[in-house]
Each structure stands twice: as structure tokens, then as C-alpha cells.
Amino acid sequence: MKKILSIAAAIIFSLQLQAQNNYWVMLTDKAGTTFDPYSYFDAKAIERYRLNNADLYDISNYPLNDSYVGQIDAIVTDDFGQSRWFNAVAVTATPDQIAALRKLPFVKEVVMLESNMHLAKAEDSEPIDLTGLFSEGAPADQLIRMGRDNFRNAGIDGKGIRIAVFDGGFPQVNTHVAFKHLRDEGRIIKTWNFPNKKENVYGWNSHGLMTLSCIAGIHRYEGTDGEVREDIGMATGAEFLLARTEVNAEPFKEEVWWQMAVEWADKNGAQIISSSLGYGKDRYYTKDMNGQSYVAKAGNMAARKGILVCNSAGNEGTDNSWLTIITPSDADSVLCVGGIENSLTEYEHISFSSYGPSADGRQKPNVVAFGHAYTANTGASNDKYHFVDGTSFSCPLVAGFAACALQAKPGLTAMQLFHEIEKSADLYPYCDYTFGYGVPQAGYFTAPRKEAKPTFKFVKDSTCVTVVPLKDNGKCRVFIKNSTSDGGIIDYQKIELDTFTTDMVIDVYYGEIITVNFNGYTESYNKNPEGLSLANPLDDHTMHIEIGKDGDTVKYIHNSTVEHFSTRLNESRIKKERYFMLGVPVNIRADELEHRFWSPSKRIGIRNTHYFTKGYGWGFALEYGHTSLRFGNKANRLDSLAAMDDDVRSFDRKVTKHKLNIGEVGIEIYQRVRLRPGGIFHKGWHWDIGVYGNWSYNAYILKGERNGDIAATHKQTLRSLDILDGYRWNWGVTTRLTRDWLGIYARYRLNDLNKDVPVGSFILPQLEAGLQLSF
């Protein structure tokens, strides 16, 4: 057993030494560098810096020290990016190279990249060709819900505002009719493809075509009186920077490209960034959604430099292993946009939209918009449109809104614009972890806001707080939340009522600070102003809500969404899986074709993987295996075996079954690398490589005709025949490539088990390969 473990450690250690990973190399200083902001920045960027009182000469804007970068490049395998803001170089390197980097006097630290970018998109709906049929119906609702006509009537369309859009590609943006106005007026200012290091972004993932159309797209079709056009994005007058930052083949580099794109957008005068990308469950843990990732820090720094960053909340709302938002939308100064169902009057969470708060308890999402959007689509005719789902499209809808808001109030700083958008939302000042402050409203920026008139009153008694309407109401919606004195939400509820009359009440039992939004009017009641410990038979703090009439309860509601968040923060780094493998032994030398091909090997077991990051882990497995080696019926083999045992000699040549059964109980030690996320069980593509050791038992079986008995059977362990005595223990190496639940595997036995087998009898194969199911 010691020998097995020694071999295991040596093999895995040698494999680890050869592994290459991606890293940020953080530098200590920018000694000897100089910087002229007026030659580096676009004029629009300089104007933005001044408006936001940001420092053009901040050290974060200075270039990296060329000598430092040159020495790093001489050591590493690849330098694929740099960040002025973080004074860092992104590299691909082996552990030996990283050890050499850490010895350089100007290297502050080396941080492995653990994140994997993914598009915040759900599923495409069936494409709908609405050419010639567009009206003020469903497609226009995505803008009407945000008060489009208030901006339209004021002549506001985002003119003069520069928006940077980050995505996986922008195919047909240079040809599609939805963007003809941008091309004709030269309002695509710059483009850059970060993965390919070139200007062309007009290809690859069509996601960018769709998100851009939610900001500035126009639906064009031929009507009876000529061309008809209808906006599908708010900011049709804005100008754009297009950055391709995402590519599926490089899952560990998008964080760097996103960071570089933010700095590129800063340099080129962006005032707003629309990012429908994010990092979540595939590379992070829920506790990491606290605004401390590198992209979250970059989003916050962009805000300090005067850029409003809008980012999708994510599409994890139906994934019970995650549920919460993704980064960089968890950053304090990034506007996190969630999704709602498409309706001009109803307020329904769209199922996939991620919930707040951030892991450190801050309010997220900030606002919401439609999660089912009408967008441009690819097609040979360059005039196709369709509906598509995802918070990917909620985000650009709000980014277009933000451009119009900034045009309406051009003196706002980035953070002032951030908070004004929150205040414009139709639930403000109420907020919760599903809807944020609600849907932004254009009317807030074009006319004085009318103060909401009271619609209810609080009545306190010894057991509960009662919400009493001030007048009779028809169908209505009531939002109720229970929060702590520091603003953290304990639980909340949306109640739909067909009628809410003055003889009806909503009783709220327990809780701390109760906040109610009813028909646009919000008021809070502090049940515990002195911070006393409240007795609660249901839960120490949660609400208990009853809706009644004249004391007769008609409905009971208790929300549990937020209660689950604390358990999500305790997401385990140890993952268990059960597996079944079915394979066949394979001879690797032509002169050893001694057994039939279909000699099945079946293995079942359980694995425990400890993930050090979401992309890498070590684990061990316990398994039971059974192999049935089925041999041919060659006479020389029987003759050879006959020499070993008198019982075998009595068999005639008519052998119907000739096999060796091998049972094994073993342990495996392995390392796992996740190559790409996804899948039903969220395990994605992963590659395992490890070593195993087995304890075995065996039985040699002959069936056939013996002395006229056609069902005669001979069964004997080979150990009793004095061969394969060493087969009690065997060891080897194993590898697997798996996509979520289905994979292929191979095992190669290292110790020689054939040295004691008589020549001409049989050969035990060393290689085994097959399929694996894991769940």
C-alpha cells in the first residue's frame, strides 16, 4: 500500500508541475513612467473627468513600467493582457515560472484567475417575423413600461451620450437595418476585439447584436406609405464603443479582457457601460458575491472616474444552488439590473432573474426591466427580429434609459445618475431583493415628480401592525417588507388583491421595521424602536401576514425567499458524486489478442472532490469493480491449463464458456480541472487524472461438455492454481473527460500481472476504456 501511495504522489505531483494556469501578476510601483492625459484620453473622456471631479493624473492612469513587463514576458509562456488601473500583467505560466516571478523584486503578488465569464442570457424564444406588422403592441412595451413617451415628447433620445457595450460579438451590426442610423451618421466611434487583438467585432456570438438593439435598435418595415420605423431601444441618438470581451474557448481570460475593456472605454470617452456579462456559480461561491472580485473593483473604479456601469443581475433565479446575483453587478457602484415579466400593469418577477442581496447584505438588484425583449436577429436578409429571454436584455434597456436621463440632466455625475435612476423607479422608496426599487420612469427626468398621496394608515395593537386602506380600492397590489434597523431585509411579500376596501385589513405579526408600498405610496413603521428582543413563535424575526375582513381571515402569507440566502452563503467546497462505469479491457500488443472484445468491466463508486477554486480540486473515490474476461476456445489454451489441474483435463473440446471473473475493491486519488461550465448538474466539462490501487479476488470458470454432461462447470480461484498469486494488489493510472453527467474514461495498470501466467494460457490486459455516468 505504501508503494501505491508513493507512486500516486509522484505522478500527481509531476502532472501538477507541468500544468499551466492564468494569473494576474501585481506590480509594486510604476517607477520611471510618465503620462500625458491630453494625448492619451479622448476629449470626451477629459470632459467627463472634469464633470465628475476625477483626477486625470491619478497614478492608476499611468502606464506600466516597460522594464518590469519585459522581464515578466521573458519568463512566462504568454502575456495576454495588462491593466493600468491595477498595475498588473495577465499571464499564462507554469508553477516553475510563477516561482521565478515571485522572486522578482517588483512583483507584489501573483493571483490565479478563478473566474469564468458567461453571457447573462436565458433561452431564445421561437423567432417571430413581425416585418410589416409592428405596432404599439408587445414589442414596444419594453420601452413604454419605462415611460418612453415622456422622453420622446421632450426630444430626448440619448444624443451626445457615449455608451460602451461589452459582449461576445456583434455580427451584422455593420449590415442589419436596425442599426442603419448608427452607420449612416458615423456613431459607432470605435471597436476593439480583445481576444483577437484587432478592430473587427462584426462576427462571433450574436448576443451583442441583440443587446445593442435593446439600447439603440430601430425596427424598420415597409408600410402602405413607405418605410415605417419604431424604436426598440431608448437611446437611438447615442454613440457607441463596441468591445468584444467574451469567447467560449478561453474560459479563464474573459475577466482580464473585461477589465481591459473598461480601461479602453475610459480612455475613449464612455459615459455609460452596458455589460450583459457576468461571473457566477461556475467559478465563484455565493459568499464571494461581495463586491471584492477584480471586475467588481474595476466597476467601482470606473464609477469614480465618471462612468455609470450597468450590469445584468444574472439568470440564476431558478437554480436553488445559487439564486443570487453575479459579479460585477455585486459592486457597490455598479447598477444591477434584474428582470420582470412583460406587462404594462402587472409586477411579476421573471423566473430566471437572480435575487439579491450581495453576499455582504447590500441592496441588489437596484432596478428592473423586461426580461423578455424584442431584438434584432441574425439572418441573410439583415432585417430579422425576434423575442429573447434573459437579464442580458433588461440591462441594455436600462442603459439606454440612462443615456436619455443623462441627456435630460447633463450635469449629473456618474453616482448622481446612479441614484437618480433608483429614485425614478416606480416603487421608490420601497425596495426589496426581487424588484429593487422597481422600473425606472422617464417622467421623473422630464417633469417635477408629484408626491404620492397616502393610501393607507398603520394601526398598532398589542399583537400586530395593521394596514388599513383609506378608501375602497378595486384590484390592487401591496408590497410589504420586514427589515432591520441597519436596512437589511429579513423577508418580504407582494400581495395581489381583487379588492381592498376600508372594512378589510392586512395584519402583520412580528417583524421589526415594517415597510409597505400600496398604490405608489410607501410608509414604514418601526415596531421595535428601542431594539428589544422580540418573541416570535414562527421565527425570531420573520413576518406572519393575515388578510381579513371583520376579523375573518381569508388569506395567510409567509415568504421564505430571503430565509434561504443564509444557507446559500454556506455553499460547500466539497462535492459528492456517484458514478457507474462500463468499459472493456483492451490489449495493446498484437500478439496478445487472447480474449474476446466484449469482456465487460463494470464499476460503481462514490467520489468526494474538494474544490480549492471553482476550477480546480483534488479528491478521492471508493469503488467496487467487476470484470469478466471471456476467452476464446483454442485447444492449446485448454492443454496449457490442463497441466495445472486434473479437473480441467477432464473437459472435452466443446467448451461453451471460458472466462476469468475478477472482483476489485479500490481507492483512487485524483485531481480535477474544470474546462468549461454548464450542464444539468452544473459540473460542465471537467478532466480528472489520478492513480488507483485495488485489492482483487478472482475465479476461473469453464463450462462445457465433460464425460457426456453438457452442463458441467469447473470453477476455481487462480490463487489455488499457484498463478496470479500477486494479483491481490494492483495499481495504475486513470483519466476521465466528462461533460456534466456523461464521460469517457481510461485506466492503465502499471504492475505486471502476467509474469506468472503459463505461456499459451491467457493474457490479462493492462488497458481498460469505456463510458461513465455520474450524478
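Before any of the text, the structure's been laid out above.
Computed from a prediction, not measured in an experiment: that's the story for all the values here. (Residues numbered from 1 in each chain as written. Predicted model: local features only at pLDDT ≥ 70, side-chain atom pairs only at ≥ 80, totals over all residues. Heavy atoms only, no water.)

**Observations regarding the nonpolar core**
Okay, step 1: Ranked by internal contacts, the top residues of the largest apolar core, which has 74 residues, are Ile 163, Phe 240, Leu 242, Ile 272, Leu 308, Phe 401 and Ile 421.
Okay, step 2: In terms of residue count, the dominant contributor to this core is helix H12 (residues 391–408) (eleven residues).
Okay, step 3: Apart from the residues lying within four places of it in its own chain, the contact partners of Ile 272 are Ile 161, Arg 162, Ile 163, Ala 164, Ile 307, Leu 308, Cys 310, Ala 399, Ala 402 and Ala 403.
Okay, step 4: Counting 42 residues, the second largest nonpolar core, distinct from the first, contains Val 256, Met 289, Val 295 and Met 301. (Core = buried A, V, L, I, M, F, W, Y, C linked by side-chain atoms within 4.5 Å. Buried < 20%, exposed > 50% of the residue type's maximum accessible area, 1.4 Å probe, protein only. Helix = DSSP H or I, 4+ residues; strand = E, 2+ residues; numbered from the N terminus. Contact = heavy atoms within 4.5 Å.)

**Focus: the sheet that holds strand E11 (residues 272–275)**
Okay, step 1: Pairing in this open sheet of seven strands is parallel, and the strands run E7-E10-E6-E11-E13-E14-E15 from one edge to the other. The strands lining the two open edges of the sheet, one partner per strand, are strand E7 (188–193) and strand E15 (367–370). Looking at each pair of strands side by side, their axes are set apart by 25 degrees on average, direction ignored.
Okay, step 2: With four bridges connecting them, E11 and strand E13 (residues 308–312) associate as parallel partners. Within E13, the position partnered with Ile 272 by the bridge is Leu 308.
Okay, step 3: The strands touched by helix H9 (residues 207–216) within the sheet are strand E6 (162–167), strand E10 (239–244) and E11, with E6 carrying the most contacts at an inclination of about 155 degrees. (Pairing = 2+ DSSP bridges. Axes fitted to C-alpha atoms, helices over the stretch in contact; angles between N-to-C directions.)

**A closer look at a nonpolar patch on the surface**
Okay, step 1: On the surface, Phe 580, Leu 582, Ile 604, Tyr 624, Val 665, Trp 695, Tyr 697, Trp 729, Trp 741, Leu 742 and Leu 773 cluster together to form a nonpolar patch covering roughly 980 Å² of accessible area.
Okay, step 2: Here Tyr 697 shows up in strand E31 (residues 685–706).
Okay, step 3: Residue Tyr 697 is classed as partly exposed on the basis of its relative accessible area of 36%. (Patch = residues over 30% accessible without salt bridge, like charges linked within 9 Å, V, L, I, M, F, W, Y side chains within 5 Å. Areas by Shrake-Rupley, 256 points an atom, 1.4 Å probe, with all protein chains shown as cover. Salt bridge = Lys/Arg side-chain N within 4 Å of Asp/Glu carboxyl O.)

**Focus: the pattern of salt bridges**
When the charged atoms of two side chains lie near each other, side chains of opposite charge can form a pair.
Okay, step 1: Summed over the entire model, instances satisfying the criterion amount to 27 salt bridges.
Okay, step 2: Glu 577 is the salt-bridge partner of Arg 672, the closest N and O atoms lying 3.2 Å from each other. Linking Arg 672 in strand E30 (residues 655–676) with Glu 577 in strand E27 (residues 574–586), this pair joins segments that are 95 residues apart in sequence. For the pair Arg 672 and Glu 577, a shared accessibility class is recorded, and that class is buried.
Okay, step 3: One salt bridge in this structure joins Arg 672 and Asp 688, with 2.7 Å as the shortest N-O distance. Of the two residues, Arg 672 is situated in strand E30 and Asp 688 in strand E31; the sequence distance between them amounts to 16 residues.

**Some points on unusual backbone geometry**
Okay, step 1: In this model, Thr 327 is joined to Pro 328 through a cis peptide bond whose omega is 15 degrees.
Okay, step 2: When you line up the elements, Pro 328 lands in the loop between E13 and strand E14 (334–340).
Okay, step 3: Following Lys 364, the chain continues into Pro 365 via a peptide bond in cis, with omega recorded as -5 degrees.
Okay, step 4: With respect to the secondary-structure elements, Pro 365 resides in the loop between E14 and E15.
Okay, step 5: At Lys 197, a position not held by glycine, the phi torsion is positive, near 55 degrees.
Okay, step 6: Topologically, Lys 197 is positioned in the loop between E7 and H9.
Okay, step 7: Even without being glycine, Asn 382 reaches a positive phi, approximately 60 degrees.

**Here's the deal with the pairing of strand E2 (residues 78–83)**
Strand residues, when the strand is regular, have side chains that alternate between the two faces of the sheet.
Okay, step 1: Bridge count for E2 against strand E3 (residues 88–93) is five bridges, and the pairing is antiparallel. When the sheet's bridge partners are listed, Asp 79 is paired in E3 with Val 91.

**Re the packing of helix H3 (residues 43–51) against helix H10 (residues 254–267)**
The geometry of a pair of packed helices is captured by two quantities: the angle between their axes and the separation between those axes.
Okay, step 1: For the pair H3 and H10, interaxial distance at closest approach is 7 Å and the crossing angle is 90 degrees. By the criterion of interaxial angle, the relationship of H3 to H10 is roughly perpendicular. Seen from H3, the contacting residues are Ala 45, Arg 48 and Tyr 49; seen from H10, they are Ala 265, Asp 266 and Lys 267.
Okay, step 2: The residue makeup of the contact of H3 with H10, split by class, is three nonpolar, no polar and three charged. (Parallel < 35°, antiparallel > 145°, perpendicular 65-115°, else oblique. Nonpolar A, V, L, I, M, F, W, Y, C, P; charged D, E, K, R; others polar.)

**Some points on the environment of Lys 30**
Okay, step 1: As for its position among the elements, Lys 30 is in the loop between strand E1 (21–27) and helix H2 (37–40).
Okay, step 2: In this structure Lys 30 comes out as buried when scored by relative accessible area, which is 10%.
Okay, step 3: On a C-alpha basis, the gap between Lys 30 and Arg 84 in space is 9.5 Å, while along the polypeptide they are 54 residues apart.
Okay, step 4: Excluding anything up to four places from it in sequence, Lys 30 contacts Ile 59, Ser 60, Asn 61, Tyr 62, Pro 63, Arg 84 and Asn 87.
Okay, step 5: There is a polar contact of 3.5 Å between the side chain of Lys 30 and the backbone oxygen of Ser 60. (Polar contact = N/O pair within 3.5 Å; in protein donor to acceptor, adjacent residues only side chain to side chain.)

**Looking at the packing of aromatic side chains**
Any two aromatic rings considered together are summarised by their centre-to-centre distance and by the angle between their planes.
Okay, step 1: Inspection of the entire model under this criterion finds 27 aromatic pairs.
Okay, step 2: Ring plane angle 80 degrees and centroid distance 6.5 Å describe the contact between Tyr 279 and Tyr 284, whose orientation is recorded as edge-to-face. For the pair Tyr 279 and Tyr 284, a shared accessibility class is recorded, and that class is buried.
Okay, step 3: Pairwise contacts between aromatic rings join Phe 456, Phe 458, Phe 500, Phe 518, Tyr 521 and Tyr 525 into one cluster.
Okay, step 4: Above the plane of the ring of Tyr 347 lies Arg 145, whose end atom (NZ or CZ) is 5.1 Å from the centre.
Okay, step 5: Directly above the ring of Tyr 430 sits Lys 481, whose terminal nitrogen or CZ lies 5.5 Å from the centroid. (Phe/Tyr/Trp six-rings, centres within 6.5 Å; stacked < 30°, edge-to-face > 60°. Lys NZ or Arg CZ within 6 Å of the ring centre and 35° of its normal.)

**Observations concerning the state of the cysteines**
Okay, step 1: Going through the model one piece at a time under the given rule, you end up with zero disulfides.
Okay, step 2: This cysteine, Cys 395, is not joined by any disulfide, and Cys 310 carries the nearest cysteine sulfur, 5.5 Å off.
Okay, step 3: Taking the relative accessible area as the measure of exposure, Cys 395 reaches 0% and is therefore buried. (Disulfide = S-S within 2.5 Å.)

As far as function goes, none of this settles anything; it's purely spatial.
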